[in-house]
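Secondary and tertiary structure notes
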Amino acid sequence: DLVNITVRGPRSTVESLELEHGAVYIDATGLEPGRHTVVPTVDLPADVELVKQEPASVVVQVLRKRRKADGR
């Protein structure tokens, strides 16, 4: 899925802004198995402000980790 963002900052920074792969992500650390509505995290340069993101939240499905045949 895609997350569209709108940012604000110095023109020279915003015009040349290219986000690295993984700059918008979901941190599922600590979430139990099941469906969760979470807000994506956006890593931006310090002088750039996130104005809007669409969607504002996403639904993620956390699955239980499968055990291998040897029980691990």
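Remember, predicted model here, so these are calculated numbers, not experimental data.

1. Points about the overall build of the protein
- Per the secondary structure count, the protein includes one helix and six strands.
- For 72 residues, the compact-globule estimate of 2.2 N^0.38 gives 11 Å, and the C-alpha radius of gyration of the protein, at 17 Å, exceeds that figure by more than 25%.
- Principal-axis analysis of the C-alpha atoms places the extent of the protein at approximately 55 × 20 × 20 Å.
- For the protein, the proportion of its 72 residues judged to be buried stands at 15%.
- Considering only contacts in the protein between residues 6 or more positions apart, those separated by 24 or more positions represent 58%.
- Summed over its atoms, the accessible surface of the protein is roughly 6200 Å², and 48% of this surface lies on carbon and sulfur atoms.
- Each charge class in the protein was averaged separately, 10 positive and 11 negative side chains, and the resulting centres sit 14 Å apart.

2. Quick notes on the side chain of H36
- Tracing the chain through its elements places H36 in strand β3 (residues 34-38).
- In terms of polar contacts, H36 uses its side chain to reach the backbone carbonyl oxygen of E32, at 2.6 Å.
- If we skip the residues at most four places from it in the chain, H36 touches L31, V58, V59, V60 and V62.

Here is what the cut-offs are and how they apply
- Residues numbered from 1 in each chain as written.
- Predicted model: local features only at pLDDT ≥ 70, side-chain atom pairs only at ≥ 80, totals over all residues.
- Heavy atoms only, no water.
- Helix = DSSP H or I, 4+ residues; strand = E, 2+ residues; numbered from the N terminus.
- Rg over C-alpha atoms; globule rule 2.2 N^0.38 Å.
- Buried < 20%, exposed > 50% of the residue type's maximum accessible area, 1.4 Å probe, protein only.
- Contact = heavy atoms within 4.5 Å.
- Areas by Shrake-Rupley, 256 points an atom, 1.4 Å probe, with all protein chains shown as cover.
- Lys, Arg positive; Asp, Glu negative; His and termini not counted.
- Charge placed at Lys NZ, Arg CZ, Asp CG, Glu CD.
- Polar contact = N/O pair within 3.5 Å; in protein donor to acceptor, adjacent residues only side chain to side chain.

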